[in-house]
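Chain by chain, the residues:
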Amino acid sequence: MSIKVDFKVDKVFGHLELQIDLHGDEVKTRFVSSEDLRYFEHMVVGRKYYEVPYIVSRICGACSISHFLTSVNAVENALNVELDEEVITLKEVMHKLEIAQNTAVHLYFLALPDYLKVRNLSELMSAKPDIVKSAMMLNSLTLQAVNVLAGRIVNPLTYRVGGFTRGIPKETIDRVIKTLDRAEKLAEALSDLILGLDLPRLSDSELNYLTADPPTEYLTIGDYLVGSDGSRFRGMDYMQFISEEISDYSTTKYCRYRGRVFFVGPRARLLAFGERLPDYAGLIYDVRKELHNPFSNLKAKAVELLYCISNSKAVLGGLKEKNFSAPKEVRVRRGEGVGIMEAPRGLLIHHYVINDDGVVERSNIITPTVMFSKHVEVAAKTLSEELINNGASLNEIELKAAMLVRAYDPCLPCSVHLIVKEGDSRE
Amino acid sequence: MVKLYINNKEVQVEAASTLLDAIVRAGFKVPTLCYLKDMFNEATCRVCIVELSGGRLVPSCSYPASEGLRVLTDSERVLKYRRAIVEMILASHKIKCQSCSMKGGYCQLLKLSKEFGVEGIPVCAECPLYGSECLLNLGIACLGPVTIAGCDAICTKERSPCIGCRGPASPDDVLEEGIKTFIKYKINIDEVVGISELFWGSNPLTQTIRKLFTNLHEGGRV
């Protein structure tokens, strides 16, 4: 028997093709990105340390804040900048609000149409206008909150290496909290919708994950990574554990963690630190039972959406009237720094080597999509094998496989700026 | 009283009124620069031009309102010529926004240049930080003095330096004034050129900046 299903996956960020081939008994799957190379790692070489965050935040319009903050962390680590606690807290709030906004957009516009049996947003608009309206509303409310903290909805302006450029007046914070109050109600409705979904059944054959270790509670900024095998190591040592590979059929790289295929993202975060979340009426318990299923990434996202909004609200409410200390003086020196953060789609690593003049000499950026792309292939393989055994039609295989990819929420443009083809000089 | 038509809307004004009075009475707007009500209406700037039926362009601030006149305030022709007028005013206006007291969004010329897309005014003109708050004053390399305005200075509003994303302010005298500002605040020109390369990349102006700086610095004209 021979089956070949090659198709472009829609409703993901960027251009992605999934190829499923059956020859004899063996199914082969390929995660093929056809995005052009973007060379961000090369662009930052030769630039001053303070310009780097501005450059790399342009890697992705959807999660520019994560790229910005990860890069800032890496530079601050390299130059040994000690930050005040409130600066770190505000950074974390900014980051959580971005996760909330990204999650809302992904769940509503990219994931939900599949489960409501419509093809795209415009069909959803005519079938369920209420859902689209509340989606727009939730997106706009979370963006408003991001706007206050970051100065703009993409590519933050309010932060320089060393600290925030200005404080936030109490009245503004109160306004943000009111905005988040409204967002919270919509987020509850969305997560009810997502948590009630009947997900396709699939058992993860490679339940290996990697996630950043939050020093306190959940989604906070730390220096350590933890893996599903129980190991915990400094972000600085990531190269010993994570290997990057180039494939001959795709412009994205692939990663392995200790030689094994792994995944990152909300599911990994919930598997590792789910018990730290407040249990919203037993929600977490139910969701955690399902986490062996790659599709359950959606439910993990729904839980995180609730957490991010309610936690940001609480933290902002606890801010002092005068919540600003001028950016720390940065002493330029030779150094090497790694920033690790949980971007909306999973673990993000930025690594820079800075010389005596404060100029970046070497850089390495690993995005979440690079880390889990091999895992998508493995999961798609398991899924299509099951479906073929059950005699599913080609259309059904295509639909289910696309749903699986969308559950991971890959971001292709982010993932292609890292490749070094033969003949490129790295030094 | 005389009756006339502004953009096809009927309006009545007293016999000694100007077209501008009639336009305001009818609820429309034309930009003005030199006009000061009851004090100065010599029509020197001409940005208030409007089109009469028949195609004549006249300055509304000094043209008398007369019976049955039909006036268009924003026809295609009016806008085209008004843009040209703004362009000419800007060309002869000595742009020194970096040290002008009207900066911070009070400048009418800036408003007009934004409205008509005439470029040449630097970000400093609309920067909300001035005096002791200026980032240059804190020793931070901010590209405001040499970058085209029009962004509402959102970066400096958040006390973050301008990184030149809108491109260089093109006339050489504006750049020169900007570089004098950098020299005044003792900003390292290498830093400025470095940041300008972020968005201006291969634009030869990045080199012009360096050249101007060397000239100004070594020529001792500062």
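Since the structure is predicted, the reported quantities are computational estimates derived from the model, not experimental observations.

Re the overall build of chain A
- If you tally the helices and strands in chain A, you get 14 helices and 13 strands.
- A globule of 427 residues ought to have a C-alpha radius of gyration of about 22 Å, and chain A, at 21 Å, matches this closely.
- Restricting the contact set of chain A to residue pairs at least 6 apart, pairs at least 24 apart contribute 72%.
- With an accessible surface of roughly 16800 Å², chain A has 50% of that area assigned to carbon and sulfur atoms.
- Computed over 52 positive and 58 negative side-chain charges, the separation of the two mean positions in chain A equals 3 Å.

Considering the overall build of chain B
- From N to C terminus, chain B includes seven helices and five strands.
- With the C-alpha coordinates aligned to their principal axes, the bounding extent of chain B is approximately 65 × 30 × 30 Å.
- Restricting to contacts in chain B with at least 6 residues of sequence separation, those with at least 24 account for 55%.
- Carbon together with sulfur atoms contributes 51% to the accessible area of chain B, which is approximately 11200 Å² in total.

Quick look at the nonpolar core
- Within the largest apolar cluster, 174 residues are counted, with the highest numbers of intra-cluster contacts made by L138, F295, L316, I349 and Y352 of chain A.
- In terms of residue count, the dominant contributor to this core is helix α4 (residues 85–115) of chain A (16 residues).
- Residue contacts for L138 of chain A: discarding those within four places in its chain leaves A104, Y108, A183, L186, A187, L190, L305 and I309 of chain A.
- Core analysis: the next-biggest nonpolar cluster, separate from the first, contains 21 residues, L20, V30, C48 and A65 of chain B among them.

So, the sheet that holds strand β2 (residues 16–23) of chain A
Residues and elements named next belong to chain A.
- Here we have three strands laid out as an open sheet, ordered β1-β2-β3, and antiparallel in their pairing. Sheet topology places β1 (2–8) and β3 (26–33) at the edges, where each strand pairs with a single neighbour. Taking each pair of neighbouring strands and ignoring which way they run, the sheet shows an average axis angle of 10°.
- By the bridge criterion, eight bridges tie β2 to β3 in an arrangement that is antiparallel. In the strand pairing of β3, Q19 is matched with R30.
- On top of the sheet, helix α13 (residues 394–408) reaches β1 and β2; it is set at about 45° to β1, its chief contact.

Describing α13 of chain A
Residue and element names in this part refer to chain A.
- In this model α13 runs 22 Å from its N-terminal to its C-terminal C-alpha over 15 residues, within 8% of the 21 Å that 1.5 Å per residue would give.
- Every buried residue of α13 is listed here: I397, A401, A402, M403, L404, V405, R406, A407 and Y408.
- On its buried face, α13 is in contact with β1, β2, α4, α9 (266–273), α11 (297–317) and α12 (368–389).
- Positioned one or two residues after α13, D409 has a phi angle of 60°, which is positive.

Quick notes on the domain arrangement of chain B
Residues and elements named next belong to chain B.
- Domain annotation for chain B reports domain 1 (2–84) and domain 2 (97–218).
- On a C-alpha basis, the centroid separation for the pair domain 1 and domain 2 is 36 Å.
- Taken residue by residue, the interface counts six residues in domain 1 and six residues in domain 2.
- Around 510 Å² of area is buried between domain 1 and domain 2 when both sides are counted, 75% of it from carbon and sulfur atoms.
- Looking at the side of domain 1 facing domain 2, the largest losses of area belong to P31, L33 and R83, adding up to 73% of the total buried there.
- At the boundary of domain 1 and domain 2, one finds zero salt bridges.
- Connecting domain 1 to domain 2 are two residue pairs in polar contact (both at pLDDT 80 or more).

Observations concerning the interface of chain B and chain A
- Between chain B and chain A, the residue contacts involve 14 residues of the former and 13 residues of the latter.
- At the boundary of chain B with chain A, total buried surface from both sides reaches about 1200 Å², with 57% on carbon and sulfur atoms.
- Taken as a group, E158, R159 and L198 of chain B account for 38% of the area that chain B buries against chain A, more than any other trio of residues on that side.
- Between R47 of chain A and E197 of chain B there is a salt bridge, and its shortest N-O distance comes to 3.8 Å.
- Viewed at the interface, chain A and chain B are joined by eight residue pairs in polar contact (both at pLDDT 80 or more).
- Breaking the side of chain B that touches chain A down by element, the ones donating at least two residues are α4 (154–157) and α6 (189–200) of chain B.
- The dominant element in the side of chain B that touches chain A, judged by the number of residues it contributes, is α6 of chain B, at six residues.
- Of the residues assigned to the side of chain B that touches chain A, the class counts are eight nonpolar, two polar and four charged.

Things to note about the packing of helix α6 (residues 129–150) of chain A against helix α7 (residues 170–195) of chain A
Residues and elements named next belong to chain A.
- Look at α6 against α7: their axes get within 9 Å of each other, and the N-to-C directions meet at 145°. Considering the relative orientation of α6 and α7, their crossing is left-handed. Side by side, α6 and α7 meet where I131, S134, M137, L138, L141, Q144, A145 and V148 of the first sit next to T172, V176, T179, L180, R182, A183, L186, A187, L190 and L193 of the second.
- Class assignment for the residues of the contact of α6 with α7 results in 13 nonpolar, four polar and one charged.

Here's the deal with the pattern of salt bridges
Residues and elements named next belong to chain A.
- Under the defined criterion, the tally for this structure stands at 35 salt bridges over all chains.
- In this structure, the salt-bridge partner of K253 is E244, at a minimum N-O distance of 3.7 Å.
- Taking relative accessible area as the criterion, K253 reaches 6% and is therefore assigned buried.
- When the shortest N-O distance is used, the salt bridge between D356 and R334 registers 3.8 Å. One end of the pair, D356, is in the loop between β12 (346–354) and β13 (360–366); the other, R334, is in the loop between α11 and β11 (335–343), and 22 residues separate them in sequence.
- Each member of the salt-bridge network shares a partner with another, and the members are D10, K11, D114 and R406.

Re the confidence of the model for chain A
- Model confidence for chain A is summarised by a mean pLDDT of 89, while 97% of its residues fall at 70 or above.
- Per-element confidence in chain A is highest for helix α3 (residues 64–78) of chain A, whose mean pLDDT is 95, and lowest for helix α10 (residues 283–289) of chain A, whose mean pLDDT is 83.

Quick word on the environment of N7 of chain B
All names here are of chain B.
- Tracing the backbone shows N7 in the loop between β1 (2–6) and β2 (9–13).
- Judged by its relative accessible area of 19%, N7 is buried.
- Put simply, N7 and L109 are 102 residues apart on the chain and 25 Å apart in space, counted from C-alpha to C-alpha.
- Leave out the neighbours within four places in its chain, and N7 touches F28, V71, L72, T73 and D74.

What counts, and at which threshold
Residues numbered from 1 in each chain as written. Chains lettered and ligands numbered in written order. Predicted model: local features only at pLDDT ≥ 70, side-chain atom pairs only at ≥ 80, totals over all residues. Heavy atoms only, no water. Helix = DSSP H or I, 4+ residues; strand = E, 2+ residues; numbered from the N terminus. Rg over C-alpha atoms; globule rule 2.2 N^0.38 Å. Contact = heavy atoms within 4.5 Å. Areas by Shrake-Rupley, 256 points an atom, 1.4 Å probe, with all protein chains shown as cover. Lys, Arg positive; Asp, Glu negative; His and termini not counted. Charge placed at Lys NZ, Arg CZ, Asp CG, Glu CD. Core = buried A, V, L, I, M, F, W, Y, C linked by side-chain atoms within 4.5 Å. Buried < 20%, exposed > 50% of the residue type's maximum accessible area, 1.4 Å probe, protein only. Pairing = 2+ DSSP bridges. Axes fitted to C-alpha atoms, helices over the stretch in contact; angles between N-to-C directions. Expected span 1.5 Å × (residues − 1). Domains from an automatic or database assignment. Buried area = accessible area lost by both parts, 1.4 Å probe. Salt bridge = Lys/Arg side-chain N within 4 Å of Asp/Glu carboxyl O. Polar contact = N/O pair within 3.5 Å; in protein donor to acceptor, adjacent residues only side chain to side chain. Nonpolar A, V, L, I, M, F, W, Y, C, P; charged D, E, K, R; others polar. Left-handed = near helix turned anticlockwise from the far one by under 90°. pLDDT = per-residue confidence, 0-100.

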